[in-house]
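Working through the structure, step by step
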Amino acid sequence: MLVDDHQILLDGIKSLLEDHPYYDAVADADDAESALRMLKLHPFDILITDLNLPGKSGLDLVSEVRKSNADIKIIALSMIDEEHVIKDVLKAGVNGYILKKATHDDLVRALDKVMEDKVFLSDEISELLVNNLKNPTPESMLTERELEILRLIVQEYTNKRIAEALFISERTVETHRKNLFRKTGAESLVGLIKFALENKLV
């Protein structure tokens, strides 16, 4: 099943798979809601989805599908090559991630790999993740929760207000604050805010 809001891309993938002996594009949808309705009615072996969809995102679609179907193989086919997005989608449960500039061979390799219960990342995505491990960006150094707390600190939230806003304990907030100082190398609140602003994290 294919999910993308660009008909030309849907037609292109269908055309690529037309003569393939094992794979056949048997259904398509242009948004997540339509895809979810179809997935409830029909069994599919593989779901290939874009991430930028009208309404619910492709990430939302992956998360919802994974709650009810552990067996379907999911491949994200996207133009997005940002590390935090890739990590979020992998955490949500995709089996493969390839860029839309991928070749026909890349797509078939991805299909083959995921059907063997392996994870497939296109060469560009693998290289990006490896490079960011070697040379971490300020954003990739911090967890999503730490980024949330950093943004609230910049807005002059107290530990108590942060705890209330995020539904966590003040002790947990304090632990995250200590981690933020340690990871950023900041020695004061001003230094922490300066780090956030200089690295465009807020």
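The written sequence of each chain sets the order in which its residues are numbered from 1. The model is predicted, so local features are restricted to residues of pLDDT at least 70 and side-chain atom pairs to those at 80 or more, both for listing and for counting; the totals for chains, interfaces and linings are taken over all residues. Note: side-chain values were computed over all heavy atoms of the structure, leaving out hydrogens and water.

1. Things to note about the packing of helix 8 (residues 144-154) against helix 10 (residues 170-184)
At their nearest, the axes of helix 8 and helix 10 sit 10 Å apart, and the two run at 90 degrees to each other. What the angle tells us is that helix 8 and helix 10 run roughly perpendicular. Residues Arg145, Glu146, Ile149, Leu150 and Ile153 of helix 8 form the contact with helix 10, whose own contacting residues are His176, Arg177, Asn179, Leu180 and Lys183. Gly is put with the polar residues, along with every residue not named as nonpolar or charged; the nonpolar set is Ala, Val, Leu, Ile, Met, Phe, Trp, Tyr, Cys and Pro, and the charged set is Asp, Glu, Lys and Arg. Partitioning the contact of helix 8 with helix 10 into residue classes produces four nonpolar, two polar and four charged. Under this scheme, a helix contributes an axis fitted over its contacting stretch, all axes are lines through C-alpha atoms, and angles between N-to-C directions fall in the 0 to 180 degree range. By definition, any uninterrupted DSSP run of H or I lasting at least four residues is a helix, any uninterrupted run of E lasting at least two residues is a strand, and each is numbered from the N terminus. We call two directions roughly parallel when the angle between them is under 35 degrees, roughly antiparallel when it is over 145, roughly perpendicular when it lies between 65 and 115, and oblique otherwise. By the convention used here, residues are in contact when the closest approach between their heavy atoms is within 4.5 Å.

2. Structural notes on the environment of Lys101
Here Lys101 is to be found in the loop between strand 5 (96-99) and helix 5 (104-115). For the pair Lys101 and Met79, spaced 22 residues apart in sequence, the C-alpha separation works out to 7.6 Å.

3. Considerations on the sheet that holds strand 6 (residues 120-121)
Pairing between two strands is assigned when DSSP locates at least 2 bridges connecting them. Sheet architecture is open: six strands sit in the order 2-1-3-4-5-6, paired in parallel fashion. Either end of the sheet is taken by a strand with one partner, and the two such strands are strand 2 (28-29) and strand 6. With two bridges joining them, strand 1 (residues 2-3) and strand 2 adopt parallel strand pairing. Residue pairing across strands places Leu2 opposite Asp28, the latter belonging to strand 2. Contacts from helix 5 reach strand 3 (46-49), strand 4 (73-78), strand 5 and strand 6, with the element oriented near 155 degrees to strand 4.

4. Description of the nonpolar core
For this analysis, a nonpolar core means a set of buried residues of the types Ala, Val, Leu, Ile, Met, Phe, Trp, Tyr and Cys, connected via side-chain atoms within 4.5 Å. Partly exposed residues are those whose accessible area sits between 20% and 50% of the maximum for their type, while under 20% is buried and over 50% is exposed, using a 1.4 Å probe and protein chains only. Membership of the largest hydrophobic core comes to 28 residues, with the highest contact counts inside it found for Met1, Leu47, Leu61, Val65 and Tyr97. Breaking this core down by element, the ones donating at least two residues are helix 2 (32-41), helix 3 (58-68), strand 4, helix 4 (83-92), strand 5 and helix 6 (123-134). What Leu61 contacts, discounting residues up to four positions off in sequence, is Val3, Ala32, Ala35, Leu36, Leu47, Thr49 and Leu53. Membership of the second largest hydrophobic core comes to 16 residues, among which are Ile149, Ile162, Val173 and Leu201.

5. Points about the pairing of strand 5
Burial along strand 5 is two-sided: Gly96 and Ile98 and Tyr97 and Leu99, pointing in opposite directions, are all buried. Bridging between strand 4 and strand 5 involves four bridges; their strand directions are parallel. Bridge assignment links Ala76 to a residue of strand 5, and that residue is Tyr97. If you view a crossover with the strands going away from you and the path from the first strand over the helix to the second runs clockwise, you call it right-handed. For the crossover from strand 5 across helix 5 to strand 6, the handedness is left-handed.

6. Here we look at the pattern of salt bridges
Throughout this description, the term salt bridge denotes a Lys or Arg side-chain nitrogen within 4 Å of a carboxyl oxygen of Asp or Glu. What the rule picks out here adds up to 11 salt bridges. With a shortest N-O distance of 2.2 Å, Lys73 and Asp117 are connected by a salt bridge. With a gap of 44 residues between them, Lys73 in strand 4 and Asp117 in the loop between helix 5 and strand 6 connect regions that are remote in the sequence. On the basis of relative accessibility, which here comes to 61%, the residue Asp117 falls in the exposed class. Of the charged contacts, one joins Lys194 and Glu198 as a salt bridge, the two residues approaching to 3.9 Å between their closest N and O atoms. In this pair, Lys194 and Glu198 are both assigned in helix 11 (residues 189-198), four residues apart and thus about one turn of the helix distant. On the accessibility criterion, Glu198 (54% relative accessible area) is exposed. Three or more residues joined by partner-sharing salt bridges are found here, namely Asp4, Asp50 and Lys100.

7. Points about helix 3
Of the positions making up helix 3, those classed as buried are Gly58, Leu61, Val62, Val65 and Arg66. Viewed end-on, helix 3 has its buried residues packed into an arc of 125 degrees, placing them on one side of the element. Away from the buried face of helix 3 by more than 90 degrees, exposed residues Lys67 and Ser68 are located. Residues of helix 3 that are buried sit in contact with strand 1, helix 2, strand 3, strand 4 and helix 4. Identification of polar contacts relies on pairs of N or O atoms within 3.5 Å, with a donor-acceptor requirement for protein atoms, meaning one able to donate a hydrogen and the other able to accept it, and with residues adjacent in sequence counted only if both atoms are side-chain atoms. N-capping of helix 3 is provided by Ser57, with a side-chain oxygen placed 3.3 Å from the backbone N of Leu59. Taken from the helix axis, the directions to the C-beta atoms give the arc we talk about.

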